[in-house]
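A closer look at the structure
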Amino acid sequence: MADKRIYLDNAATTRVAEEVLQEMLPCFRESYANPSAIYGFAGEAKKAVGIARERAASLIGAKPNEIYFTAGGSESDNWAVRAVAEGLGGKGRHIITSKIEHHAVLHTCQYLEKQGYEVTYLDPDEEGKVSPEALEKAIRPDTILISVMAANNEIGTIEPIAKIGEIAHERGVLFHTDAVQAYGHIPLHVEEMHIDLLSASGHKLYGPKGVGILYCRENLRLAPLLHGGAQERGRRAGTLNVPGIVGFGKAAALAGETMQERGAREMALRNYLIDRVLAEIPYARLNGPRQDRLPGSAHFCFRFIEGESLLILLDQKGICGSSGSACTSGALDPSHVLLAIGLPHEIAHGSLRLTLSAENTREEIDRTVETLKEIVGRLRDMSPLYEDFVRKA
Ligand SMILES: *Cc1c(COP(=O)(O)O)cnc(C)c1O
């Protein structure tokens, strides 16, 4: 390949798949009508949106009329949590979530706390797993919502959401899951997992940015997000983003067809990456579990290293990685996820997330590991902390 860039930040966003792009293109200049219009020409756009809705639903065992198209994962998370809180505020004002949620959920909960709601933030274990037992203990008569993510975007931990959903339903509490990292990457089923609301986003599964879904169980009265036209069954006004929606649908369909082989390929490459890093770089640790983790996700901490410096030096070698979530990069505070799994600040600072796609190759991983060894060595040579440590050892 002429392009020497190695892209290992697929949890931040993915490259739109060629098949997705091809299906979106006619929506711009051919089937460009407003799907709400009456004339026959609008039928093409309306039909394309209908197909996308079926595809988005079918990937998670939902019905098409349970899918609401949104402008992405953050919007879906905000909507789900607020709609339940505001819709059921009469029944109770207590919400349960975890300390490792995405900020789209955490900050919405903090906003609701200011409005008089009470929120319990569950501690995960050292691998980032939320305990169903602890969750069950936290349920109160006035609990109206449990929101726990399907998989963590930083350290890749897959949460026991089927069990959590079962408990929620036994206790008559609604269950929302932020499935932005999981949807299209691991199997999800809203019935089997007792999910009432689920968020997903197009750009995390080889679809376009700025489009997502909120799945909401049929029998729930979802409070509207945007007032105006009657789009999305009167719950989210605004002319539909037809190209985005069509792209989302195609990405969901492709994910359904290729999930197994793609996942297996990513997992093999990711295990190879993890094994090499842990074997060849001293004082490195893997964050998140070895087994129950997203297929393409690897997340490390390197002691005596500043994560930001590591990223800059990797970038100079054409390697795109991340310290964790895109939202925390640039901030000096260590990640809330790493602190929640019990890492001390000085270790949490030296974090590196590398997230693979099925397009990555073994050669790229080899080059990444070699570069990483060299950079970590160089940074430690300049570190007074490391010098101290070596002298004492
Ligand atoms: C990326 C991400 C979001 C936000 O999705 P956007 O479409 O970028 O708004 C929410 N939750 C998780 C877990 C994510 O990884």
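Bear in mind the structure is a predicted one, so any value in this text is a computation, not a measurement.

**Notes on the site of the ligand**
Surrounding the ligand, one finds 13 residues, the nearest of these being Ser 74, Asp 178, Gln 181, Ser 201 and Lys 204. One nitrogen or oxygen atom from the side chain of Ser 74 is found 2.7 Å from an oxygen atom belonging to the ligand. Residue Asp 178 places a side-chain N or O atom 2.7 Å away from a nitrogen atom belonging to the ligand. For the ligand, the accessible surface in isolation is 380 Å², of which the surrounding protein chains cover 86%. Broken down by element, the residue count for the shell around the ligand peaks at three residues, all from helix α4 (residues 73-87).

**Quick notes on unusual backbone geometry**
For Arg 233, which is not glycine, the phi torsion reads 50 degrees and is therefore positive. Turning to its location among the elements, Arg 233 is positioned in helix α8 (residues 231-234). At Phe 304, a position not held by glycine, the phi torsion is positive, near 65 degrees. Within the secondary structure, Phe 304 is located in the loop between β10 (297-302) and α10 (307-316).

**Observations regarding a nonpolar patch on the surface**
On the surface, Val 16, Leu 21, Leu 25 and Phe 28 cluster together to form a nonpolar patch covering roughly 330 Å² of accessible area. Mapped onto the fold, Leu 25 is located in the loop between α1 (18-24) and α2 (26-29).

**A short note on the pattern of salt bridges**
Scanning the entire structure with this criterion turns up 26 salt bridges. Lys 63 is paired through a salt bridge with Glu 218; the nearest N and O atoms lie 3.0 Å apart. Of this pair, Lys 63 sits in the loop between α3 (42-58) and β2 (67-70) while Glu 218 is found in the loop between β8 (212-216) and α8, placing the two residues 155 residues apart along the sequence. Among the residues examined, Lys 63 registers a relative accessible area of 39% and is labelled partly exposed. In this structure Glu 218 comes out as partly exposed when scored by relative accessible area, which is 42%. Taking the shortest distance from any N to any O, the salt bridge between Glu 86 and Arg 82 comes out at 3.5 Å. Here Glu 86 pairs with Arg 82, and both are found in helix α4, just four residues apart, close to one helical turn. Taking relative accessible area as the criterion, Glu 86 reaches 46% and is therefore assigned partly exposed. The class for Arg 82 is partly exposed, based on a relative accessible area of 33%. Taken together, the shared-partner salt bridges connect Arg 276, Glu 280, Asp 366, Glu 370 and Lys 373 into one network.

**Re the nonpolar core**
Residues Ile 60, Ile 146, Tyr 183, Leu 188, Leu 198, Ile 213 and Phe 248 are the most contacted members of the largest nonpolar core, which totals 56 residues. It is helix α9 (residues 242-280) that provides the largest number of residues to this core, a total of nine residues. Residues Val 277, Ile 319, Leu 372 and Val 376 belong to the second largest nonpolar core, which totals 27 residues.

**A look at the packing of α4 against helix α5 (residues 103-114)**
It is the contact of α4 with α5, at a shortest axis distance of 9 Å, that shows an interaxial angle of 30 degrees. Along this stretch, α4 crosses α5, giving a crossing that reads as right-handed. On α5, the residues touching Ser 74, Asp 77, Asn 78, Val 81, Arg 82, Ala 85 and Glu 86 of α4 are Ala 104, Val 105, Thr 108, Cys 109, Tyr 111 and Leu 112. Of the residues belonging to the contact of α4 with α5, the class tally is seven nonpolar, three polar and three charged.

**So, the domain arrangement of the protein chain**
Once the domains are mapped, the protein chain shows domain 1 (2-13 + 259-392) and domain 2 (18-255). The distance between the C-alpha centroids of domain 1 and domain 2 comes to 29 Å. On the side of domain 2, 32 residues touch domain 1, which itself brings 29 residues to the contact. Three residues, Met 259, Leu 294 and His 336, lead the burial of domain 1 against domain 2; their summed loss comes to 26% of the area buried on that side. In this structure, Lys 129 engages Asp 292 in a salt bridge whose closest nitrogen and oxygen atoms are separated by 2.7 Å. Taken together, the links from domain 1 to domain 2 amount to 14 residue pairs in polar contact (both at pLDDT 80 or more).

**What to know about the sheet that holds strand β9 (residues 284-286)**
An order of β9-β10-β12 is seen for the three strands of this open sheet, with the pairing classed as antiparallel. Of all the strands in the sheet, the pair left with one neighbour each is β9 and β12 (351-355). Here the strands of the sheet are splayed against their neighbours by 25 degrees on average, with no regard to which way each runs. Of the pairings in the sheet, the one linking β10 to β12 comprises five bridges and is antiparallel in character. Each bridged residue has a counterpart across the sheet, and for Phe 300 the counterpart in β12 is Leu 352.

**Here's the deal with the packing of aromatic side chains**
By the definition in use, this model includes nine aromatic pairs. Considering the side-chain rings of Tyr 183 and Phe 248, the 5.6 Å spacing of their centres and the 40 degrees angle between planes classify their relative orientation as tilted. Here the residue Tyr 183 occupies a position in the loop between β6 (174-178) and β7 (197-201), and Phe 248 occupies one in helix α9, the gap between them amounting to 65 residues. Ring centres of Phe 304 and Phe 389 lie 4.7 Å apart, and the angle between their planes is 45 degrees; on these two criteria the pair is classed as tilted. Of this pair, Phe 304 sits in the loop between β10 and α10 while Phe 389 is found in helix α14 (residues 384-392), placing the two residues 85 residues apart along the sequence.

**Points about the pairing of β7**
As a general feature of sheets, a regular strand has side chains that alternate between the two faces. With five of five residues buried, β7 lies mostly within the body of the structure. Alternating positions in β7 separate into two faces, Leu 197, Ser 199 and Ser 201 on one and Leu 198 and Ala 200 on the other, with burial throughout. In this sheet, β7 lies alongside β6 in parallel orientation, the contact comprising three bridges. In the sheet register, His 176 faces β7, and the bridge partner there is Leu 197.

Here is what the cut-offs are and how they apply
- Residues numbered from 1 in each chain as written.
- Predicted model: local features only at pLDDT ≥ 70, side-chain atom pairs only at ≥ 80, totals over all residues.
- Heavy atoms only, no water.
- Near = heavy atom within 4 Å.
- Polar contact = N/O pair within 3.5 Å; in protein donor to acceptor, adjacent residues only side chain to side chain.
- Areas by Shrake-Rupley, 256 points an atom, 1.4 Å probe, with all protein chains shown as cover.
- Helix = DSSP H or I, 4+ residues; strand = E, 2+ residues; numbered from the N terminus.
- Patch = residues over 30% accessible without salt bridge, like charges linked within 9 Å, V, L, I, M, F, W, Y side chains within 5 Å.
- Salt bridge = Lys/Arg side-chain N within 4 Å of Asp/Glu carboxyl O.
- Buried < 20%, exposed > 50% of the residue type's maximum accessible area, 1.4 Å probe, protein only.
- Core = buried A, V, L, I, M, F, W, Y, C linked by side-chain atoms within 4.5 Å.
- Axes fitted to C-alpha atoms, helices over the stretch in contact; angles between N-to-C directions.
- Left-handed = near helix turned anticlockwise from the far one by under 90°.
- Contact = heavy atoms within 4.5 Å.
- Nonpolar A, V, L, I, M, F, W, Y, C, P; charged D, E, K, R; others polar.
- Domains from an automatic or database assignment.
- Buried area = accessible area lost by both parts, 1.4 Å probe.
- Pairing = 2+ DSSP bridges.
- Phe/Tyr/Trp six-rings, centres within 6.5 Å; stacked < 30°, edge-to-face > 60°.

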